[in-house]
Amino acid sequence: QVEHTLFRVPRHRLDEASDVFANKFRPQTAEEGQSDDNPIVIEGCKSSEFESLLKYMYLSYPVVTLSTTITLSKKEWLDILKLSTAWKMDAVRLRTMNIRGLGVDPMLNQTI
């Protein structure tokens, strides 16, 4: 759950992309994250930012022989950059830094 929005997604891609995410948001009890009544609560980001990251993480991966193309807005790419930096998702962050037109200086590693 981020803010007041409940997200129901398998966490394996997020865990694989980031040890920080895997460790920081590890369920504290056996019941946490197993039902809508006892979600894992993620703090430090907005639900819209998390939704942008999920869109990238789960919709940009090709499935078997299907090719999926997604279009992300500049705001969504900046959301992804913010969270991938915070959670040390290096591969995601590198991909985001290579998007032209975001106003990101790869040499300075900051948004300009």
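Residues numbered from 1 in each chain as written. Predicted model: local features only at pLDDT ≥ 70, side-chain atom pairs only at ≥ 80, totals over all residues. Heavy atoms only, no water.

A word on the overall build of the chain
Condition: For helices the rule is a DSSP run of H or I covering at least 4 residues; for strands it is a run of E covering at least 2, with both sets numbered from the N terminus onward. Note on exposure labels: buried denotes an accessible area under 20% of the residue type's maximum, exposed denotes more than 50%, and partly exposed covers the range between, all computed with a 1.4 Å probe on protein chains only. Surface accessibility follows the Shrake-Rupley procedure with a 1.4 Å probe radius. Residue values consider only the protein chains on display as shielding.
Helix and strand counts for the chain come out as 5 helices and 2 strands. Of the regular secondary structure in the chain, the N- to C-terminal order runs α-α-α-α-α-β-β. Counting every position in the chain, which comprises 112 residues, the buried fraction comes to 33%. Approximately 7,500 Å² of the chain is accessible, and the part contributed by carbon and sulfur atoms is 52%.

Quick look at the confidence of the model for the chain
Test applied: pLDDT gives the predictor's per-residue confidence on a scale running from 0 to 100. Residue contacts are counted whenever heavy atoms from the two residues lie within 4.5 Å of one another.
Per-residue pLDDT for the chain has a mean of 83; in total, 82% of the residues score no lower than 70. Predicted confidence for residues 108-112 stays below pLDDT 50, and this span has 12 contacts to residues more than four positions away or in other chains.

Quick word on unusual backbone geometry
At Glu 3, a residue that is not glycine, the phi angle is positive and equals roughly 55°. Tracing the backbone through its elements, the reader meets Glu 3 in the segment before helix 1 (12-17). Here Lys 88, not a glycine, exhibits a phi torsion of approximately 55°, which is positive. Following the sequence through the fold, Lys 88 ends up in the loop between helix 4 (74-86) and helix 5 (90-97).

Side note on the pattern of salt bridges
What counts is decided by this rule: Salt-bridge detection follows one rule: a side-chain nitrogen of Lys or Arg within 4 Å of a carboxyl oxygen of Asp or Glu.
A full pass over the atoms with the stated rule returns 5 salt bridges. Notably, a salt bridge pairs Asp 36 with Arg 8, separated by 3.0 Å at the nearest N-O pair. In this pair, Asp 36 sits in the loop between helix 2 (19-24) and helix 3 (47-59) while Arg 8 sits in the segment before helix 1, placing the two residues 28 residues apart along the sequence.

Things to note about helix 3
Using the following cut-off: Take the residue count of a helix, subtract one, and multiply by 1.5 Å to get its expected span.
Compared with the 18 Å implied by 1.5 Å per residue over 13 residues, the 17 Å span of helix 3 between its first and last C-alpha is a close match. Regarding helix 3, the residues found buried are Ser 47, Glu 49, Phe 50, Ser 52, Leu 53, Leu 54, Tyr 56, Met 57 and Tyr 58. In this structure, the buried side of helix 3 is in contact with helix 1, helix 2, helix 4 and helix 5.

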